[in-house]
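The residues making up each chain are set out below.
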Amino acid sequence: MIWIVAASYALMTGLLIATWRYRKFLAGAPATAPSYTPKAAVFVPVPSMAEAEVDALEVLFEQDYPDYEVLFGVVTRRDAAYGRLITLCERHRGRARVVPSGPSTKCSDKIQNLLACYDACHHGTEVLVLMDADLSPDPTLLRRLVQPLVEPRVGAVTAHRWLAASERSLAGTLASMANAAGLVSVWLSARACGGVIAIRRDYFEGLDVPAAWSRAASEDIPLCSLLADRGLRIEHADSGLVLSRQLHDWSSYWNHIVSQLVMARVYAPTLWWQILCFYLCTVPTGVYGLTRAIARIGGSELSAVDVAAMLLPVVFVVQGWILIDGAQHLFARRGEAVAAIPCSWMPAYVLAMAIGVLQLLASAATSSVVVDGVRYRLDAHDRAAVVRMPLSAARGPSAFAEASRERARGARPS
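S.K.: Honestly, the pairing of strand 4 (residues 127-131) in this entry has me stumped. Any pointers?
M.R.: Working note: regular strand, side chains alternate between the two faces of the sheet. Summarising burial for strand 4: five of the five residues are buried, a large majority. Across the two faces of strand 4 the burial is the same, with Val127, Val129 and Met131 and Leu128 and Leu130 all buried. The pairing of strand 1 (residues 40-45) with strand 4 spans four bridges and is classified as parallel. The residue of strand 4 that forms the bridge with Ala41 is Leu128.

Structure follows, in structure tokens:
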């Protein structure tokens, strides 16, 4: 057992160092007044948005950027939000359009929306920005995303989604913690996050991204593979965290993480195996520490290895607090309102990690994911094939997806 405990602490020491480096990255002052500001197009897929949620998209037109347009991708004109999106675009005439994509038969609805936006954007557009509809970007985000693209070896620039529910709940807090836990590894591996990606149009076309997306359920992982094959870097925007308005209950929290892990297992198996190996080393140590703590209550003596195993959850909590507190300081500095996670809630970080083990196991047992209320089965042999399935045809909780589907019911084509 001593070797497993030692390996666990070696991994946690590396994680603590990486987390501190990531916190310093977040605390760094962003570049001011960048000179590289080419015409940009922001693609916002809204395949299952409720009408009442459209008003929150007004924030997209507050960017401190000289020349950009916003294209909203919908499935059809019968989508629930279509009419209100048209009204929003009329308020910003010349800067926004709604682009119906038609239902997809091979790729996800989100990717179908993105491809339709690409086909519709002006030929003079030099930079394409992909942004999820649930995000609330600060006014400087577009500048910070575009500026690094001036370097020829930078293929894409990304920012990280930060889940921050407006009302604190245990399920929402655990979802925020689970989301935060993955940020350090994504930052270290220089991977793009699907919520926010900026890429030059000539690279988008030269890499033939539309072909790679044509049978995919995830836009970020295939793009990462294409960029890696060409030797192009993925940069992270300065102070690159973006608030998400997405709310999670227990079912949606479970489904969100499991779906992300399934996509990683199918499209990026190396990343999935790295996560598995981390858990295989640290979880037995935590379980052993728990058993020794129970034994100590019964009067048993503890060795130094026993004490070390018992203290490992404390190390997890410290790592989580370094990360979460750093993010909350960033949002406070930018003047963005966030439902803060107090220090007293940090022991729940260990619970989020424990649930993460179950979610990882669940991701190994299925090849289906739920995205925007639609269930897809990913073909592991092709690593890009997508098969649409009825939502009831696969197992696993998906309350958030069900709610999105219910809001859009009656507006989608049959």
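S.K.: For this particular structure, what's the right way to read a nonpolar patch on the surface?
M.R.: On the surface, Val307, Leu311, Val314 and Val318 cluster together into a nonpolar patch covering about 300 Å² of accessible area. On the secondary structure map, Leu311 appears in helix 12 (residues 304-334). Judged by relative accessible area, Leu311 falls into the partly exposed class, the value being 44%.

S.K.: Sorry, what's going on with the pattern of salt bridges here?
M.R.: Side chains that carry opposite charge are capable of pairing whenever their charged atoms lie near each other. One pass over the full model with this rule turns up 15 salt bridges. Salt-bridge contacts for Lys110 lead to Asp132; the nearest nitrogen and oxygen are separated by 2.8 Å. In this pair, Lys110 sits in helix 3 (residues 109-120) while Asp132 sits in the loop between strand 4 and strand 5 (135-136), placing the two residues 22 residues apart along the sequence. There is no split in this pair, since Lys110 and Asp132 are both buried. Across the pair Asp138 and Arg334 runs a salt bridge, and its minimum N-O distance is 3.9 Å. Highlighted residues: Asp138 in the loop between strand 5 and helix 4 (141-146) and Arg334 in helix 12, separated in sequence by 196 residues. Residue classification places Arg334 among the partly exposed residues on the basis of a relative accessible area of 22%. It is possible to trace a salt-bridge network through shared partners that takes in Lys110, Asp132, Asp134, Arg161 and Glu219.

S.K.: For this particular structure, what's the right way to read helix 5 (residues 170-181)?
M.R.: Along an α-helix, residues three or four apart share an orientation, since each turn contains 3.6 residues. Between the first and last C-alpha of helix 5 there are 16 Å, a value that for twelve residues agrees with the 16 Å anticipated at 1.5 Å per step. Residues Ala171, Gly172, Thr173, Leu174, Ala175, Ser176, Met177, Ala178, Asn179 and Ala180 constitute the buried set of helix 5. Where helix 5 is buried, its residues meet strand 6 (154-163), helix 6 (183-188), helix 10 (250-267), helix 12 and helix 13 (348-364).

S.K.: Help me understand the side chain of Ser252, please; the structure alone is not making it clear to me.
M.R.: Relative to the elements of secondary structure, Ser252 occurs in helix 10. Here the side chain of Ser252 touches His248 through a polar contact of 3.1 Å, side chain to side chain.

S.K.: Hey, could you run me through the pairing of strand 8 (residues 233-244) in this one?
M.R.: In terms of residue burial, strand 8 counts as a mostly covered element, since nine of its twelve residues are buried. In this structure, strand 6 lies alongside strand 8, joined through eight bridges in parallel fashion. What sits directly across from Leu163, in strand 8, is Ser244.

S.K.: What am I meant to see in the packing of aromatic side chains here?
M.R.: Between two aromatic rings, the relevant description is the distance of the centres plus the angle of the planes. As enumerated under the stated definition, the model contains twelve aromatic pairs in all. Between Trp272 and Trp273, the ring centres sit 5.2 Å apart and the planes meet at 90 degrees, which makes this aromatic pair edge-to-face. The exposure class assigned to Trp272 is buried, which follows from its relative accessible area of 6%. Each member of the aromatic cluster is reached from another via a ring pair, and the members are Tyr22, Phe25 and Trp187. Taking NZ or CZ as reference, Arg200 lies 4.7 Å from the ring centre of Tyr203, over its face.

How each quantity is defined
- Residues numbered from 1 in each chain as written.
- Predicted model: local features only at pLDDT ≥ 70, side-chain atom pairs only at ≥ 80, totals over all residues.
- Heavy atoms only, no water.
- Buried < 20%, exposed > 50% of the residue type's maximum accessible area, 1.4 Å probe, protein only.
- Helix = DSSP H or I, 4+ residues; strand = E, 2+ residues; numbered from the N terminus.
- Pairing = 2+ DSSP bridges.
- Patch = residues over 30% accessible without salt bridge, like charges linked within 9 Å, V, L, I, M, F, W, Y side chains within 5 Å.
- Areas by Shrake-Rupley, 256 points an atom, 1.4 Å probe, with all protein chains shown as cover.
- Salt bridge = Lys/Arg side-chain N within 4 Å of Asp/Glu carboxyl O.
- Expected span 1.5 Å × (residues − 1).
- Contact = heavy atoms within 4.5 Å.
- Polar contact = N/O pair within 3.5 Å; in protein donor to acceptor, adjacent residues only side chain to side chain.
- Phe/Tyr/Trp six-rings, centres within 6.5 Å; stacked < 30°, edge-to-face > 60°.
- Lys NZ or Arg CZ within 6 Å of the ring centre and 35° of its normal.

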